[in-house]
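Descriptive structure summary
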Amino acid sequence: MTTTAPAPADRPTTGPTAARDTAPTTAHDKVDLGTIAVVPTRHWWRWILSGLLLFVVAQFAWSLVTNDRYLWGTFAQYFFSEPVLIGIGYTLSLTAISAVVGFSLGTLLALGRLSASPLLSGVAWGYIWFFRSVPLVVQIIVWYNLGYLYPTLGLGTPFTTDFWIVEFPTVQLVSAFAAAILGLGLHQAAYSAEIIRGGLVSVDPGQHEAAAALGIPASRRLFRIILPQAMRSIVPNATNEIIGLVKGASVVFVIAIPELFYAVQVIYNRNSRVIPLLLVAVVWYTLITTILSIAQYYIERYYARGSARALPPTPVQRARTWVRTQWARLGDSPAPPGGTDAETPTAAKGARA
């Protein structure tokens with residue numbers, strides 16, 4: 001049954017307006033948005049490219065299994081061999097010590113670059129300019145041959161060679177391992193300084209001003225307010241540098257330090273199994289890089305607490321949620337045939353609501 005509303009007294013009862021006002025209103029005028037089919041956009045080129053990439057990956061994986069020239073037996077034989085494990089220990093030691101030296105000194109250089117003192121700023125800039133200009137392998141070789149320039153090092157009368165306090169032969173003081181640490185650490189400090197400086201200047205200047213207005217000491221302002229905010233931009237770049245340092249440590253083979261790449265070289269020069277031994281190094285470098293990437297993810301998540309309203313779930317949390325969801329689905333009772341004689345507990349609860 002269709003009803004019409006009475007026209008107001010101040011409106012005309014004839015003409016277009018009256019016809020519009022007295023038009024019948026039915027339930028068919030309402031549109032149920034839930035009945036509209038949503039058709040997603042089809043990205044045909046994306047599917048084609050994904051199929052090609054999947055084909056290439058599958059083809060490469062197939063070749064890894066079927067190509068006998070990879071010599072996977074030799075790979076398995078030397079993967080956990082003693083020289084390789086010793087080389088991994090040297091690689092990790094060089095990386096850890098050089099990273100600590102590089103980022104500690106780099107922090108001081110970054111603060112020097114930001115200092116109001118022209119002397120400190122100029123010295124920090126000169127250091128960064130010089131060590132970024134000289135190749136890393138050249139620096140390591142120079143440090144290793146420092147005894148040629150300065151046969152002895154010590155403390156004594158300034159501007160003379162009279163070491164009356166303490167004196168050491170340079171060859172004994174700067175060993176091959178020390179030369180590698182000096183080369184890697186000092187070289188890394190130049191790049192770390194720019195990463196840290198970029199993170200510090202990315203913080204809103206209002207944070208500096210507000211902390212200073214509250215009378216917070218400069219050291220506390222830096223370590224408790226500015227640096228935690230700067231870490232959000234420092235951590236990704238710093239992790240890239242550490243990963244590069246892991247692989248860059250391989251250049252110390254020029255001074256015969258038995259790190260991972262040097263150990264692999266010695267073995268394949270002896271048995272001529274170049275490819276499987278290089279694969280040993282590749283897999284170990286990949287494992288180390290993967291561990292560092294996972295650590296980077298959680299460090300970034302830790303420092304993102306102040307910028308994100310709600311942190312996204314971690315991969316482990318996503319996996320747990322998926323397992324719980326699937327387990328809950330397995331525990332649900334199946335719907336009765338036809339769906340009209342009885343209703344599931346979930347449907348009954350919804351009906352009562």
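Values in this document were obtained by computation on a predicted structure and should not be read as measured data.

Summing up its helical and strand segments, the protein chain has 15 helices and two strands in all. Sequence separation of 24 or more characterises 66% of the internal contacts of the protein chain that already satisfy a separation of 6 or more. When the accessible surface of the protein chain is summed, it comes to about 24,400 Å², and 65% of that surface belongs to carbon and sulfur atoms.

Look at the UniProt record and you will see "transmembrane region" (unreviewed entry) annotated at residues 44–65, 85–111, 123–144, 164–186, 242–268 and 274–299. End C-alpha to end C-alpha, residues 164–186 measures 29 Å, and it is 65% helix and 17% strand. A helix fraction of 100% and a strand fraction of 0% characterise residues 274–299, whose end C-alpha atoms lie 38 Å from each other.

All right, on to the packing of aromatic side chains then. Here the structure, examined in full by the defined rule, presents 13 aromatic pairs. A ring pair is formed by Phe130 and Phe131, whose centres lie 5.2 Å apart and whose planes are at 90°; its orientation type is edge-to-face. The partly exposed category is assigned to Phe130, whose relative accessible area is 42%. An aromatic cluster is defined as three or more aromatic residues linked by ring pairs; in this entry it consists of Tyr70, Trp72, Phe75, Phe79, Phe80 and Trp284.

In this structure, Leu94, Leu184, Ile234, Val252 and Ile255 are the most contacted members of the largest nonpolar core, which totals 28 residues. For this core, the secondary-structure elements that each account for two or more residues are α4 (82–113), α6 (136–144), α9 (176–201) and α11 (218–248). Sort the elements by how many residues they give to this core and α11 lands first, with eight residues. Residue contacts for Ile255: discarding those within four places in its chain leaves Ile140, Tyr144, Ala176, Ala179 and Ala180. The next biggest cluster of nonpolar side chains, apart from the first, holds 18 residues, and it includes Phe79, Ile88, Ile267 and Leu277.

Direction vectors running N to C along α4 and α11 enclose 140°, while the axes themselves pass 12 Å from each other. Between α4 and α11, the interaxial angle falls into the category oblique. The way α4 lies across α11 gives a crossing that is right-handed. Seen from α4, the contacting residues are Thr91, Thr95, Ser98, Ala99, Phe103 and Leu111; seen from α11, they are Leu222, Ala238, Glu241, Ile242, Leu245 and Val246. Looking at the contact of α4 with α11, its residues break down into eight nonpolar, three polar and one charged.

Taken residue by residue, the protein chain gives an average pLDDT of 83. The fraction at 70 or more is 84%. With pLDDT under 50 throughout, residues 15–22 is counted as low confidence; its partners more than four residues away or in other chains account for four contacts. For residues 333–353, every residue scores under 50 in pLDDT, and the model assigns this stretch four contacts once sequence neighbours within four places are set aside.

In this section: the pattern of salt bridges. This structure, assessed with the given rule, holds two salt bridges. Glu194 serves as the salt-bridge partner of Arg113, at 3.0 Å between the closest nitrogen and oxygen. Residue Arg113 is found in helix α4, and its partner Glu194 is found in helix α9; the two are separated by 81 residues along the sequence. The residue Glu194 makes a salt bridge to Arg197 at a minimum N-O spacing of 3.0 Å. You can see Glu194 and its partner Arg197 sitting in helix α9, three residues apart, about one turn around the helix.

The next thing to look at is the side chain of Ser250. By the element assignment, Ser250 lies in the loop between α11 and α12 (260–271). Those residues in contact with Ser250, other than ones at most four positions away along the chain, are Glu259, Phe261 and Tyr285.

A surface patch of nonpolar side chains, about 410 Å² in accessible area, is lined by Val137, Val138, Ile141, Val142, Phe253 and Val254. Inspection of the secondary structure assignment puts Phe253 in the loop between α11 and α12.

This part is about helix α5 (residues 118–133). The first and last C-alpha atoms of α5 sit 22 Å apart over 16 residues, in line with the 22 Å expected at 1.5 Å per residue. Taken residue by residue, α5 has Ala124, Tyr127, Ile128 and Phe131 as its buried positions. Mapping the buried residues of α5 onto a view down its axis gives an arc of 95°, with all of them on the same face. Opposite its buried face, α5 presents the exposed residues Pro118, Leu119 and Trp129, each directed more than 90 degrees away. Against the buried residues of α5 lie α4, α6 and α9.

If you check helix α2 (residues 44–66), its first and last C-alpha atoms are 33 Å apart, about what 23 residues at 1.5 Å a residue would give, namely 33 Å. With one of its 23 residues buried, α2 lies for the most part at the surface.

Criteria and thresholds
Residues numbered from 1 in each chain as written. Predicted model: local features only at pLDDT ≥ 70, side-chain atom pairs only at ≥ 80, totals over all residues. Heavy atoms only, no water. Helix = DSSP H or I, 4+ residues; strand = E, 2+ residues; numbered from the N terminus. Contact = heavy atoms within 4.5 Å. Areas by Shrake-Rupley, 256 points an atom, 1.4 Å probe, with all protein chains shown as cover. UniProt positions renumbered as here; feature names shortened; annotations may be inferred. Phe/Tyr/Trp six-rings, centres within 6.5 Å; stacked < 30°, edge-to-face > 60°. Buried < 20%, exposed > 50% of the residue type's maximum accessible area, 1.4 Å probe, protein only. Core = buried A, V, L, I, M, F, W, Y, C linked by side-chain atoms within 4.5 Å. Axes fitted to C-alpha atoms, helices over the stretch in contact; angles between N-to-C directions. Parallel < 35°, antiparallel > 145°, perpendicular 65-115°, else oblique. Left-handed = near helix turned anticlockwise from the far one by under 90°. Nonpolar A, V, L, I, M, F, W, Y, C, P; charged D, E, K, R; others polar. pLDDT = per-residue confidence, 0-100. Salt bridge = Lys/Arg side-chain N within 4 Å of Asp/Glu carboxyl O. Patch = residues over 30% accessible without salt bridge, like charges linked within 9 Å, V, L, I, M, F, W, Y side chains within 5 Å. Expected span 1.5 Å × (residues − 1). Arc of directions from axis to C-beta.

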